[in-house]
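# Observations on the three-dimensional arrangement
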Amino acid sequence: MRTQRQVVDYSLQKRAVLRELLAGRVGTYDVCDASPYLKNAARFHGEPTDRRCPICRSENLTLVHYIYGDELKQSAGQARTLTELPVLAMTLREFQVFVVEVCLGCDWNHLVEQYLLGRDGLVGDGDGTGTQDAAGAEGVGRRRREAQR
Ligand SMILES: [Zn+2]
């Protein structure tokens, strides 16, 4: 997605958890603890993948996208389908997305990545000025918007 920014990748942490599991330092009950809410979100808003669950290896993983941010008001903390995100990104200035992988077979779940979406990411982008200092333009834009409140 074009406005995706400040991406944090959690694959290292995930590999660490899987290593701990293989070494027997944690049990599957510690890592396969998806809540009923998370599993429902996976069923109704999840994005199917063709990647096998690293624990049970019998089900494919489902990705759940949770959204957070002041502008979302009562929708904050809800799961959204992947197709809804670009629409939100065009209407909101900024919101946080947390991507969680879930196995509906064994309840394995882990945070995959987080990133910011929203119109703020488009400031100074493709406006043809080229040499403009993007950080400066962003700062000015932010101050102007805040002054309007
Ligand atoms: Zn599984």
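So, here is what we can say about the structure in this document.

### Regarding the overall build of the protein
When its secondary structure is counted, the protein shows five helices and six strands. Along the protein, helices (α) and strands (β) appear in the sequence β-α-α-α-β-β-β-α-β-β-α when read from the amino end. Residues classed as buried in the protein amount to 36% of the 149 residues present. Pairs at least 24 apart in sequence give 59% of the contacts found in the protein among residues at least 6 apart. Of the roughly 9,100 Å² that the protein leaves accessible, carbon and sulfur atoms contribute 51%.

### Some thoughts on the coordination of the zinc ion
All of the protein donors around the zinc ion are C53 (SG), C56 (SG), C103 (SG) and C106 (SG); their distances to the metal are 2.3 Å. The site at the zinc ion holds four donor atoms, and with the angles between them running 105 to 117 degrees, its shape is tetrahedral. As a motif over one chain, the donors of the zinc ion read C-x2-C-x46-C-x2-C. Here C53, found in the loop between β2 (47-52) and β3 (60-68), pairs with C106, found in the loop between β5 (95-102) and β6 (109-117); they are 53 residues apart in sequence, far enough to count as distant. Given the relative accessible area of 0%, C53 is considered buried.

### As for the pattern of salt bridges
The tally for this structure, following the rule as stated, stands at seven salt bridges. Salt bridges sharing common partners tie together K14, R51 and E101.

### Looking at the pairing of β3
The element β3 is largely enclosed, with a buried count of seven among its nine residues. Inspection of the sheet shows β2 paired to β3 by three bridges, in the antiparallel sense. Bridge pairing in β3 places E47 opposite L63. Pairing of β3 with β5 involves seven bridges; the strand directions are antiparallel. Bridge pairing in β5 places T62 opposite V102. Pairing geometry for β3 and strand β4 (residues 79-80), over two bridges, is antiparallel. From the neighbouring strand, Y66 faces β4, where its bridge partner is A79.

### Re unusual backbone geometry
In this structure, Q6 is a non-glycine residue whose phi angle is positive, near 50 degrees. Relative to the helices and strands, Q6 is located in strand β1 (residues 5-9). For K73, which is not glycine, the phi torsion reads 50 degrees and is therefore positive. With respect to the helices and strands, K73 occurs in the loop between β3 and β4.

### Remarks on the environment of H45
In this fold, H45 is placed in helix α3 (residues 36-45). Considering only alpha carbons, one finds H45 and R80, 35 residues apart in sequence, at a separation of 5.7 Å. Excluding its chain neighbours within four sequence positions, the residues that come into contact with H45 are A79, R80 and T81.

Thresholds, definitions, all that
Residues numbered from 1 in each chain as written. Predicted model: local features only at pLDDT ≥ 70, side-chain atom pairs only at ≥ 80, totals over all residues. Heavy atoms only, no water. Helix = DSSP H or I, 4+ residues; strand = E, 2+ residues; numbered from the N terminus. Buried < 20%, exposed > 50% of the residue type's maximum accessible area, 1.4 Å probe, protein only. Contact = heavy atoms within 4.5 Å. Areas by Shrake-Rupley, 256 points an atom, 1.4 Å probe, with all protein chains shown as cover. Donors = N, O, S within 2.8 Å, 3.2 Å for Na, K, Ca; no water. Tetrahedral: all angles 85-135°; square planar, octahedral: opposite > 155°, others 65-115°. Salt bridge = Lys/Arg side-chain N within 4 Å of Asp/Glu carboxyl O. Pairing = 2+ DSSP bridges.

Nothing here speaks to function; it is geometry throughout.
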